[in-house]
Amino acid sequence: MSHQQNATHTKWYAKIQPLTLFAIEFKNEMNKRIKGFKKPIYVTRPLLPPLEKFIPYLREIWGSKRLTNIGKQHQLLEAKLINFLKVPNLTLFNNGTTALLAAIRSLNLSGKVITTPFTFPATPHALVWNKIEPIFCDIDEETLNIDPSKIEKLITPDTTGILAVHVFGIPCDIESLQTIADRYNLKIIFDAAHAFGTEVNNIGIGNFGDITMFSFHATKLFHTAEGGALTYKDKKLKPKLKMLRNFGLKNEFEVELPGLNGKMNEIQAALGLAVFKYWKDEYKKRKRIKLIYEENLKDIEGITFIQDKKSTKSSLQYFVIKINRSKFGRSRDYVLEKLKEYNVFPRKYFYPLCSNYQCYKSIKSANVQNLPVANKVVNEVLALPFYGDLKDNEVEKICNIIKSFKS
Ligand SMILES: *Cc1c(COP(=O)(O)O)cnc(C)c1O
């Protein structure tokens, strides 16, 4: 290096150093100034109607002495959801997992079914309980959903279906999946546990594929404490699903199938009716919170959002960011651990990948080399606190805390 160059180098540093120091100073100052939350802030909180609004339902159920077996509350909820989800057929279940078990059985799936490793354990487990081998397929880096371009090479003569998940309520590439399914004569089941209220071009998300499953677990935006539903186009599935839900009983004396007990009871259904009245309000609040998050985090290098397309109405189930370690300067795990010091408890949905579970990692398709995108993304995603009761300034504060970690 020449003497000349060296001199300019020194000059350049001389100029920038005070600024850099100032920036560091400023950030330290900011860190010191942000105090943690007094009460813990969790990723979500169940939407609960005021108790006095639920009591009249209980009174009615007590009066009827009918606690389960498809009573009045069940029928009212079913009708309400058919209307809201804009679907032709819907069958309620006592949770999303039993609904999924029945869906797989009703379509006579067997052998192998292609699915995503980036989901909740219930998705692959439902296949295994039906004696089906889950074949893990890699995901799309943008949507985090199953990548249709990687499905075809996984299809073998014993593949009978695709079980895809609308992760975080973002719709899968439904068209491409259907094209593949038609070409190879496969059934499609969608796990829409996160997608209650999602619409694509004004079409309810429950209208695609052969069957769609919804979960109404307490952590989901619309819930019945525990609960679920299946929606489907083919109304011929209805009697079979009802039998599978009720011990396989065809009538009082005939048992046609080895069915489950998957019935939603009257108290669950009534809770759903009560919660439904507050769903819209919660949805509006979450919409606002999402905007505040986006406004405050959008210009931070290394942080990106999982975005809905313009044609999609979002379910607002989760607010999820991806943290790129090299660009943000800190890993997702660092951010998660540090946030805990401020009494903020986001979640690593979904960590670990299903393909890395003890019970699935020996399956050939679970090999890390086959799933590069999923194995990368699983270390980047973070679901931030997201529920209607969060105040604007609390959301802003969470963003400021995250910003203060950047290095
Ligand atoms: C919640 C969830 C389920 C399971 O639903 P349950 O109603 O809790 O049985 C299945 N799949 C996904 C992706 C979920 O998030």
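Treat the numbers as computed from the prediction; the structure is a model and nothing was measured. (Residues numbered from 1 in each chain as written. Predicted model: local features only at pLDDT ≥ 70, side-chain atom pairs only at ≥ 80, totals over all residues. Heavy atoms only, no water.)

Our focus in this paragraph is the pattern of salt bridges. If charged atoms from side chains of opposite charge come close, those side chains can pair. Inspection of every chain in the model, using the stated rule, returns 20 salt bridges. A salt bridge links arginine 183 to glutamate 152; the nearest nitrogen and oxygen atoms lie 2.9 Å apart. Of this pair, arginine 183 sits in helix 6 (residues 174-184) while glutamate 152 sits in the loop between strand 4 (133-136) and strand 5 (159-165), and the two are 31 residues apart along the sequence. By relative accessible area, which is 32% here, glutamate 152 ends up partly exposed. Put simply, glutamate 294 and lysine 290 hold a salt bridge, and the shortest N to O gap is 3.3 Å. Here glutamate 294 pairs with lysine 290, and both are found in helix 8 (residues 266-297), just 4 residues apart, close to one helical turn. Assessed through its relative accessible area of 14%, glutamate 294 is described here as buried. One network of salt bridges, with partners in common, ties together Asp138, Asp147 and Lys150. (Salt bridge = Lys/Arg side-chain N within 4 Å of Asp/Glu carboxyl O. Helix = DSSP H or I, 4+ residues; strand = E, 2+ residues; numbered from the N terminus. Buried < 20%, exposed > 50% of the residue type's maximum accessible area, 1.4 Å probe, protein only.)

Moving on to the packing of helix 2 (residues 51-64) against helix 8. Where helix 2 meets helix 8, the axes come as close as 10 Å, and the angle between the chain directions of the two elements is 150°. Compared by their axis directions, helix 2 and helix 8 come out roughly antiparallel. Of the two possible hands of crossing, helix 2 and helix 8 adopt the one that is right-handed. The segment helix 2 lies against helix 8, with Lys53, Phe54, Tyr57, Leu58, Ile61 and Trp62 engaging Glu266, Ile267, Ala270, Leu271, Leu273, Ala274, Lys277 and Tyr278. (Axes fitted to C-alpha atoms, helices over the stretch in contact; angles between N-to-C directions. Parallel < 35°, antiparallel > 145°, perpendicular 65-115°, else oblique. Left-handed = near helix turned anticlockwise from the far one by under 90°. Contact = heavy atoms within 4.5 Å.)

Here the focus is the site of the ligand. Lining the immediate surroundings of the ligand are 15 residues, of which Thr97, Asp191, His194, Ser215 and Lys220 lie closest. Histidine 194 is positioned such that a nitrogen or oxygen atom in its side chain is 2.8 Å from an oxygen atom of the ligand. Side-chain polar atom of lysine 220 to an oxygen atom of the ligand: 3.2 Å apart, as the coordinates give it. Expressed as a share of its isolated accessible area of 380 Å², the protein-covered part of the ligand is 93%. (Near = heavy atom within 4 Å. Polar contact = N/O pair within 3.5 Å; in protein donor to acceptor, adjacent residues only side chain to side chain. Areas by Shrake-Rupley, 256 points an atom, 1.4 Å probe, with all protein chains shown as cover.)

Contact pair helix 10 (residues 332-341) / helix 12 (residues 392-405): the axes reach a minimum separation of 10 Å and the direction vectors enclose 125°. By the criterion of interaxial angle, the relationship of helix 10 to helix 12 is oblique. Between helix 10 and helix 12 lies a crossing whose hand is right-handed. On the side of helix 10, the interface is formed by Tyr334, Val335, Lys338 and Leu339, while helix 12 contributes Ile401, Ile402 and Phe405. Residues belonging to the contact of helix 10 with helix 12 are distributed by class as follows: 6 nonpolar, no polar and 1 charged. (Nonpolar A, V, L, I, M, F, W, Y, C, P; charged D, E, K, R; others polar.)

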